[in-house]
Amino acid sequence: MSDALQKTITLLLLIALGLLLKSKFKNKDQTNGIKEIILSVALPSTIFISLMKIDIDSSMFIIPLVTLIFNFLMFFSAPLAFALFGIEKNSPTGRTLMMLIPSLAPGLSCFPFIAEFLGEKSLAIAALADVGNKFFVLISLYILAMNMFLKNSDDKETKMGGKLKSLFASMFQEPINLLIFIAIILLSLGINYNSLPPLVVDIFDKTSAMMTPLVLLFIGLAVQLKEGKKRIVASILFFRAGITMLISAGMIYVLNITDQNMVLLSIVIPLSAASFWPLAHISAFNLREDAKGMAKEKRTFDLELAVLLLAFSLPFSTILILAILSSGSFFAHTSTLITAGLVLICLGAIPNALSKVFVKMSKASS
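All values reported here derive from a predicted model rather than from experimental measurement.

Enquirer: Can you help me understand the overall build of the protein in this one?
Expert: Scanning the protein for helices and strands turns up 17 helices and zero strands. Looking at the protein as a whole, 50% of its 366 residues are labelled buried.

Have a look at this one:
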């Protein structure tokens, strides 16, 4: 059995163990507790170790900018989905998708697999990439959500300045971002991981060791099979993955990325699950509309769709990322990437196309 296949089976079995344990975690707070340990302890420790073990040069600081550009490219590509699926851009569904499609959550859906398949240096680069994404999901998407809310409800009382200050504060209070900042300062002072006191190294090593098992168990526990708008959610996720691969192929070509690990990073980071932050922004404005007693169809966003999309996004992205990384160099070619992207877009479009054909046939027969 090859090393990649053995790793893949091990990781899948840990996810399966999470699925088996779902009956033991009936309270949502229990699952959220595991998520908090991952995001506040295990994942920050792993990223800190990875950053402290590599030589960071000034050229690496372009990585967050490249990710930010990707976020905006995805944002401007989102309306293509509306044409494919017959969605009105200025509807609750359209505005919700504009928020969620370009957002990324690599911490839970991507980082553990990068650490396992590509190593610590690649994980450090991925952590820097997520800095650009954090600016997008926290700041840009909040401004977007506010503008949508103001246009839809004629609310004049919202003050953007205070909210943006709190968003910047929350971004730098997150353990992951705080440890990235500390690691960069220490490295700039010539202090690396081996220079740290043995006690500190031991603490980080032990907390970091929890990351992969906990994340995979959490993925299994978090899988939701809710009834609802499953067809549109599945179609959007296939479209999102397909357009992501096409944009990744374009950026790999334009930036002339040739190193296999960097190519794979350029593919799997953008395929991360949708971020929780757009849902947080949507929920905040939905509460205001609740207070006004606004009818569901007149609201700015579709909260139910946002929750459902997030629920399916994590397992969907996990499967894709795991398949790509375990396939070795197969996807590390732009031609393969473009083909895969087009296939995924077609898979997303087929249900809607068949539905339209069925409706036309029904009308014709009647």
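Still more to cover.
Enquirer: I keep staring at the layout of surface pockets and nothing clicks. Help me out?
Expert: Any empty space left between atoms is shown by rolling a water-sized probe over those atoms. Its volume calculated, the largest pocket comes out at about 1,200 Å³. What lines the largest pocket is a set of 39 residues, among which Asn 32, Lys 35, Leu 108, Phe 218 and Phe 276 lie closest to the centre. Elements with a contribution of two residues or more to the lining of the largest pocket: α2 (28–52), α6 (106–109), α8 (120–153), α10 (175–188), α12 (211–222), α15 (277–292) and α16 (303–326). Here the residues of the lining of the largest pocket sort into 22 nonpolar, eight polar and nine charged.

Enquirer: Would you explain the nonpolar core in this entry?
Expert: The biggest cluster of nonpolar side chains holds 112 residues, and the ones touching the most others in it are Phe 113, Ile 114 and Ile 267. A total of 18 residues in this core trace back to one element, the largest contributor, which is α8. Excluding residues that lie within four positions of it along the chain, Phe 113 makes contacts with Leu 11, Leu 118, Leu 216, Ile 219, Thr 318, Ile 321, Leu 322 and Leu 325.

Enquirer: Looking at this structure, how should I read the pattern of salt bridges?
Expert: A pair can form between side chains of opposite charge whenever their charged atoms are brought close. Using the criterion set out here, one finds two salt bridges in the structure. Asp 130 is the partner of Lys 134 in a salt bridge, and the nearest nitrogen-oxygen pair spans 3.2 Å. Of the two residues, Lys 134 and Asp 130 both sit in helix α8, four residues apart, roughly one turn of that helix. Residue classification places Lys 134 among the buried positions, given a relative accessible area of 9%. Judged by relative accessible area, Asp 130 falls into the buried class, the value being 8%. Ionic pairing is found between Asp 202 and Lys 206, a salt bridge with its closest N-O pair at 2.9 Å. Of this pair, Asp 202 and Lys 206 both sit in helix α11 (residues 198–208), four residues apart, which is roughly one turn of the helix.

Enquirer: Could you clarify how one ought to interpret the packing of α8 against α15 in this entry?
Expert: One way to put it is that α8 packs onto α15 with a least axis distance of 9 Å and a crossing angle of 25°. Considered as vectors, α8 and α15 are oriented roughly parallel to each other. As α8 packs across α15, the resulting crossing turns out to be right-handed. The residues of α15 that touch α8, namely those facing Val 137, Leu 138, Leu 141, Tyr 142, Ala 145, Met 146, Phe 149, Asn 152 and Ser 153, are Trp 277, Pro 278, His 281, Phe 285, Arg 288, Glu 289 and Lys 292. Tallied by class, the residues present in the contact of α8 with α15 amount to ten nonpolar, three polar and three charged.

Enquirer: Looking at this model, I keep getting lost on the packing of helix α13 (residues 230–254) against α16. Mind explaining?
Expert: How two helices pack is summed up by the angle between their axes together with the distance between the axes. Axis separation between α13 and α16 bottoms out at 10 Å; the angle between their running directions is 45°. Taken together, the axes of α13 and α16 are oblique relative to one another. Judged by the sense of rotation from one axis to the other, the crossing of α13 with α16 is right-handed. In contact with Lys 230, Ile 232, Val 233, Ile 236, Leu 237, Phe 238, Arg 240, Ala 241 and Met 245 of α13, α16 contributes Leu 305, Leu 308, Leu 309, Phe 312, Ser 313, Phe 316, Ser 317, Leu 320 and Ile 324.

Enquirer: Just to check I follow, could you spell out unusual backbone geometry for this structure?
Expert: A negative phi holds for most residues other than glycine; trans holds for most peptide bonds. A positive phi angle, near 55°, is found at Asn 256, a position not held by glycine. By secondary structure assignment, the location of Asn 256 is in the loop between α13 and α14 (260–268).

Enquirer: Looking at this model, I keep getting lost on α2. Mind explaining?
Expert: The α-helix winds at 3.6 residues per turn, so residues separated by three or four positions along the chain end up facing the same way. Helix length check: α2 (25 residues) gives 35 Å between terminal C-alpha atoms against 36 Å at 1.5 Å per residue, within 8%. Taken as a whole, α2 carries its principal kink of about 40° at Ile 38.

Parameters at a glance
Every chain begins its residue count from 1, and numbering advances along the sequence as written. With the structure being a predicted model, the display of local features is reserved for residues of pLDDT at least 70 and the display and counting of side-chain atom pairs for 80 or more, all residues being used for whole-chain, interface and lining totals. Side-chain figures throughout are based on the complete set of non-hydrogen atoms in the structure, without hydrogens or water. Each helix corresponds to a stretch of at least 4 residues labelled H or I by DSSP, and each strand to a stretch of at least 2 residues labelled E; elements are numbered beginning at the N terminus. Relative accessible area decides the class of each residue, using a 1.4 Å probe on protein chains only: under 20% of the type maximum gives buried, over 50% gives exposed, and in between gives partly exposed. The pocket and cavity definitions rest on a 1 Å grid over protein atoms only: a 1.4 Å probe that fits but cannot leave marks a cavity, an open set with protein on both sides within 12 Å along at least five of seven lines marks a pocket, and residues lining either have an atom within 4 Å of a point. Grid points are joined across faces, edges and corners, and a volume is the space filled by probe spheres set on the points. In this classification, the charged set is Asp, Glu, Lys and Arg, the nonpolar set is Ala, Val, Leu, Ile, Met, Phe, Trp, Tyr, Cys and Pro, and all remaining amino acids, among them Gly, are polar. Buried Ala, Val, Leu, Ile, Met, Phe, Trp, Tyr and Cys residues that are joined via side-chain atoms within 4.5 Å together make up what is termed a nonpolar core. Should any heavy atoms of two residues lie within 4.5 Å, those residues are considered in contact. Throughout this description, the term salt bridge denotes a Lys or Arg side-chain nitrogen within 4 Å of a carboxyl oxygen of Asp or Glu. Where helices are involved, their axes are fitted lines through C-alpha atoms of the stretch in contact, as for all axes, and angles between N-to-C directions lie from 0 to 180°. Each angle gets one of four labels, with under 35 degrees taken as roughly parallel, over 145 as roughly antiparallel, 65 to 115 as roughly perpendicular, and the rest as oblique. Crossing handedness is read from the near helix: turned anticlockwise from the far helix by less than a right angle, it gives a left-handed crossing, and turned clockwise, a right-handed one. Expected span, for any helix, means 1.5 Å times one less than how many residues it has. The bend at a residue is defined as the angle formed between two axes, one fitted to the seven residues ending at that residue and one fitted to the seven starting there.

It is worth stressing that arrangement in space is one thing and function is another; only the former is reported here.
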